[in-house]
Amino acid sequence: MKSFFNKQHQKLIADPMGDQNPITIQVLGICSALAITTQLENALVMTLAVIFVMTSASSIISILRNHIPNRIRIIVQLLVVASLVALVDQILKAFLPDASEQLSVFIGLIITNCIIMGRLEAFAMGNKLWDSFLDALGNAFGYGWILVAVAFVRELFGSGKLMGYEVPGFSYLYELGYMNNNLMILPPMALIVVGLIIWMQRSRNNDLIEEN
Amino acid sequence: MKLMHNILKKIKPHFEKEGALSALYPAYDAFETFLFVPNHTSQSGTHIRDSVDLKRTMVIVIIALLPCLFFGMWNTGYQYHLQLASAGLQSIEDYNFWDHFFFGFWKFMPLVIVSYVVGLSVEFAFAVNRKHQVNEGYLVTGMLIPLTMPIDVPLWMLALSVIFAVVIGKEVFGGTGMNILNPALTARAFIFFAYPTKMSGDKVWVHSADKIDGVSGETALGQLASLVDIDPNDETVISKISEFSSDGAYSLSNSFLGIIPGSVGETSVIAIMIGAAILLFTGVGSFRIMASMFIGGLSMAYVFNLVAPDTNLFMSLDPIHQLCIGSFLFGMVFMATDPVSAAQTNKGKIIYGFLCGVLSVLIRVFNPAYPEGVMVAILFMNVMAPLIDHYVVEANIKKRLKRLKVDE
């Protein structure tokens, strides 16, 4: 009998965090990664929302996978994701109104996040519940840690804060003539920061570099 | 020189294969070839014997930049002393030519040194890491970057923008010759968007203008940007407009000579024209790009003249005057002609230059947030250049295919 958490299960979690990362390797879900990473708090809320939506959607689709007619499977997937996103949206509006206002349409746009649909279509439609759940969890975390890393850099250098609080040492730096980098808050810098992460990842692991 | 040669010869074995310091061979190679003519010969295949290589080309551009450099130094001192005089602190007659020049020299040299030290360190680091030769691409960029900066720019910002330009603008694409964007403009764009308070406004263009009350060190473009939506009968507006007439501070002759506030290298049309002459005479700069960009800017300015309403002085400014202020000509001669990031085909160069000129004037007139439209326009056209080339080549192929069919 297979164990509850064997090597294969570990791989499902670990791969998307590293060499199969949805953002840096598959380059999916870039839009939200660029849009909401000016502040660490927004990135964390977004990550939590995506983790919830992805794991739930994958589990539900995995349970239903043998009953979904092949011809309308995309519509069913979309329906599941959309209802979950609506749920998240309402919860955020009720309990985190500030974050909800700042994230505005991007919570709604989780529906179109390519990572979610991609995992549903490629994995949850053909695998058991527990496997699908772990796969979704791994991919959501893979998406999340990039988001948090980018937001950390952008908020720290762009507005000199973290989670909305002033960083203690910065007041001395300001006196020395240090200034916040406005470019960090503008969208191009998100692309460049993601690019630098991709660069680091590829120079550590040569297998990722495509042959010309 | 002989001493240097002997030292280099002596330490060479350490850097060659199996030497203790072989990892640093690119650094050694860079120094050796910089100081002496190398005795390398081609190992295989046919090759052309020519004394022109990348290093000579770069040196010619540096020589062409020298008039701008020296004039910029003088103008830095002159503008500072003029500002003291207009604040009533000192008279301009207290200073002679050399006072102006050396004041500017001491203010400007730190920028040049920081630009070269930081930029070359990054280049060396990449060369050693990737085990290729350090090439001379940075020599010109390192000089262009400080020339496009306001004199008071903090050195750490300059260093940061240089690192950004060399790493993101050049090395990620594969180094010199592979870059899509002009690295010097990348540096300027970076610092412009990252630290706008240090790169625009009326207090950055003259040394320590922010410490003296009541004086304006506004550039001509900044002044014009405030004259876009005006009441032509207003007193302050009339006094501002008079500054652009023949005896005002931003008159055509002042703009032509370059005794106006601005980035260090951009102000003097005469200095830029000497540089352009050197580039054209030696064949280093492209005549097609310069001429078509000039015509592009000029025709756009004429079009604005025709449609300008009374309330917009920026649009109704004389076309020649329009091109003499700001960094239009500096960008045209030294930035747009960058052989790597510009279009490659002859027809493409003309289209590229023309659009550079049109966009420069268009952006500077219609977007008051970016009075320096030249930078944005050239960067944009850098991105478009491969597309232009593609269509020029395709058109040529089509034309020749047609000829083929006729022959059949």
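Residues numbered from 1 in each chain as written. Chains lettered and ligands numbered in written order. Predicted model: local features only at pLDDT ≥ 70, side-chain atom pairs only at ≥ 80, totals over all residues. Heavy atoms only, no water.

**Looking at the interface of chain A and chain B**
Interface size, as often reported, equals the accessible area lost upon joining of the parts. Here is the rule: When checking whether two residues touch, look at their non-hydrogen atoms; a contact exists if any pair is within 4.5 Å. Buried surface area refers to the total accessible area, computed with a probe of radius 1.4 Å, that the two partners give up upon joining, counted for both partners together. The term salt bridge refers to a side-chain nitrogen of Lys or Arg lying within 4 Å of a carboxyl oxygen of Asp or Glu. Here a polar contact is taken to be a pair of N or O atoms separated by no more than 3.5 Å, where protein atoms must pair a possible hydrogen donor with a possible acceptor and residues adjacent in sequence count only if both atoms sit in side chains.
With twelve residues of chain A in contact, the opposing surface of chain B contributes 16 residues. Here chain A and chain B share an interface that buries about 990 Å² over both sides, 77% of which is from carbon and sulfur atoms. The interface formed by chain A and chain B contains zero salt bridges. Scanning the region where chain A abuts chain B turns up one residue pair in polar contact (both at pLDDT 80 or more).

**A word on the environment of Val284(B)**
All names here are of chain B. Put simply, the rule is: Starting at the N terminus, helices and strands are each numbered in turn, a helix being any DSSP run of H or I of at least four residues and a strand any DSSP run of E of at least two.
Mapped onto the fold, Val284 is located in the loop between helix H12 (269-282) and helix H13 (287-307). For Val284 and Val392, which are 108 residues apart along the polypeptide, the C-alpha to C-alpha distance reads 23 Å. Apart from the residues within four sequence positions on either side, Val284 is in contact with Thr57, Ile60, Val61 and Leu279.

**Topic: the packing of aromatic side chains**
Residue and element names in this part refer to chain B. Rule in force here: Stacked, edge-to-face and tilted are the three classes for Phe, Tyr and Trp ring pairs, Trp counted by its six-membered ring, which pair at centre distances within 6.5 Å; planes under 30 degrees apart are stacked, over 60 edge-to-face, the rest tilted. Each residue is placed in one exposure class: buried if its accessible area under a 1.4 Å probe, protein chains only, is under 20% of its type's maximum, exposed if it is over 50%, and partly exposed if it falls in between.
Applying the stated criterion across every chain yields a total of 22 aromatic pairs over all chains. Geometrically, the ring pair formed by Phe70 and Phe101 is tilted, given 6.2 Å between the ring centres and 45° between the ring planes. Highlighted residues: Phe70 in helix H3 (residues 54-86) and Phe101 in helix H4 (residues 97-130), separated in sequence by 31 residues. On the basis of relative accessibility, which here comes to 42%, the residue Phe70 falls in the partly exposed class. When its relative accessible area of 12% is taken as the criterion, Phe101 is described as buried. Through a chain of ring-to-ring contacts, three or more aromatic side chains come together here, namely Phe70, Phe71, Trp74, Tyr78, Phe97, Trp98, Phe101, Phe102, Phe105 and Trp106.

**Quick word on helix H17 (residues 346-366) of chain B**
This is how the line gets drawn: A helix's residues, less one, multiplied by 1.5 Å, set its expected span.
For H17(B), spanning 21 residues, the distance from its first C-alpha to its last is 30 Å, which sits close to the expected 30 Å at 1.5 Å a residue. Buried within H17(B) are the following residues: Gly348(B), Lys349(B), Tyr352(B), Gly353(B), Cys356(B), Gly357(B), Val358(B), Ser360(B), Val361(B), Ile363(B), Arg364(B) and Val365(B).

**Some remarks on the domain arrangement of chain B**
All names here are of chain B. Rules: Source of the domain bounds: an automatic or database domain assignment.
Domain assignment breaks chain B into domain 1 (54-216) and domain 2 (220-260 + 286-408). Between the C-alpha centres of domain 1 and domain 2 the distance comes to 23 Å. Across the contact, 25 residues belong to domain 1 and 18 residues belong to domain 2. Here domain 1 packs against domain 2, burying approximately 1800 Å² in sum over the two surfaces, 75% of which is carbon and sulfur. Counting the surface domain 1 buries against domain 2, the share from its top three residues, Asn182, Leu185 and Phe192, is 26%. At the boundary of domain 1 and domain 2, one finds zero salt bridges. Our count for the contact surface shared by domain 1 and domain 2 stands at five residue pairs in polar contact (both at pLDDT 80 or more).

**Describing the packing of H3(B) against H4(B)**
All names here are of chain B. What counts, and what does not: Axes, fitted as lines to C-alpha atoms, cover a helix only where it is in contact. Angles between the N-to-C directions of the axes lie from 0 to 180 degrees. Orientation categories follow fixed angle ranges, with anything under 35 degrees roughly parallel, anything over 145 roughly antiparallel, 65 to 115 roughly perpendicular, and all other angles oblique. By convention the crossing between two helices is left-handed if the near helix lies anticlockwise of the far one by an angle smaller than a right angle, and right-handed if it lies clockwise. Note on residue categories: nonpolar means Ala, Val, Leu, Ile, Met, Phe, Trp, Tyr, Cys or Pro, charged means Asp, Glu, Lys or Arg, and polar means any other residue, Gly included.
Packing of H3 against H4 leaves a shortest axis separation of 7 Å and a crossing angle of 125°. Classed by the angle they form, the pair H3 and H4 counts as oblique. Considering how the two elements wind past one another, H3 and H4 form a crossing that is right-handed. For the pair formed by H3 and H4, the contact residues are Ile62, Leu69, Phe70, Met73, Trp74, Thr76, Gly77, Tyr78, Tyr80 and His81 on the first element and Phe97, Asp99, His100, Phe101, Phe103, Gly104, Phe105, Phe108, Met109 and Tyr116 on the second. Counted by class, the contact of H3 with H4 contains 14 nonpolar, five polar and one charged residues.

**Digging into a positive patch on the surface**
All names here are of chain B. Defined as follows: Only residues above 30% relative accessible area that lack a salt bridge enter a patch, with like-charged residues linked at up to 9 Å and the nonpolar side chains Val, Leu, Ile, Met, Phe, Trp and Tyr linked at up to 5 Å. In this description, accessible areas are obtained by the Shrake-Rupley approach with a 1.4 Å probe, and a residue is regarded as covered only by the protein chains that are shown. Only four residue types enter the charge count, namely Lys and Arg as positive and Asp and Glu as negative; His and the chain termini do not. Taken as the charge centre is NZ of Lys, CZ of Arg, CG of Asp or CD of Glu, depending on the residue.
Together, Lys347, Lys399, Arg400 and Arg403 make up a region of like positive charge exposed at the surface. Sort the elements by how many residues they give to the positive patch and helix H18 (residues 373-407) lands first, with three residues. Judged by its relative accessible area of 53%, Arg400 is exposed.

**Re the environment of Gly348(B)**
All names here are of chain B. By secondary structure assignment, the location of Gly348 is in helix H17. Taking the C-alpha atoms as reference points, Gly348 and Arg288, 60 residues apart in sequence, are found 9.5 Å from one another. Those residues in contact with Gly348 that lie beyond four places of it in its chain are Ala343, Ile388, Asp389 and Val392.

**Considering the state of the cysteines**
Residue and element names in this part refer to chain A. In plain terms, the rule: Note on terminology: disulfide denotes any pair of cysteine sulfur atoms within 2.5 Å.
What the rule picks out here adds up to zero disulfides over all chains. You can see Cys31 has no disulfide; the closest cysteine sulfur is in Cys114, sitting 5.3 Å from it. Residue Cys114 is classed as partly exposed on the basis of its relative accessible area, which comes to 31%.

**Considering the pattern of salt bridges**
Any two side chains of opposite charge can pair, on the condition that their charged atoms come close. Residue and element names in this part refer to chain A. According to the stated counting rule, one finds five salt bridges over all chains in the structure shown. The partner of Asp15 in a salt bridge is Lys11, with the nearest N and O atoms 3.2 Å apart. Taken together, the positions of Asp15 and Lys11, both in helix H1 (residues 7-17) and four residues apart, correspond to about one turn of that helix. Between Asp135 and Arg119 there is a salt bridge, and its shortest N-O distance comes to 3.0 Å. With a gap of 16 residues between them, Asp135 in helix H8 (residues 129-159) and Arg119 in helix H7 (residues 114-122) connect regions that are remote in the sequence. With respect to burial, Asp135 and Arg119 carry one shared label: buried.

**Side note on the nonpolar core**
What counts here: Only buried Ala, Val, Leu, Ile, Met, Phe, Trp, Tyr and Cys residues count toward a nonpolar core, and they belong to the same one when joined by side-chain atoms within 4.5 Å.
Residues Phe108(B), Phe330(B), Phe334(B), Tyr352(B) and Ile378(B) are the most contacted members of the largest nonpolar core, which totals 102 residues. For this core, the leading source of residues is H3(B), giving eleven residues. Counting only domains with at least three residues in this core, you end up with domain 1 (54-216) and domain 2 (220-260 + 286-408) of chain B. Core analysis: the second largest hydrophobic core is formed by 46 residues, Ile36(A), Ala49(A), Leu103(A) and Ala190(A) among them.

**Comments concerning a nonpolar patch on the surface**
Together, Leu196(A), Trp199(A), Met200(A), Val172(B), Phe173(B), Met178(B), Ile180(B) and Val383(B) make up a nonpolar patch on the protein surface, roughly 690 Å² of accessible area in all. With respect to the element layout, Phe173(B) can be found in the loop between helix H6 (155-167) and helix H7 (183-194). Among the residues examined, Phe173(B) registers a relative accessible area of 36% and is labelled partly exposed.

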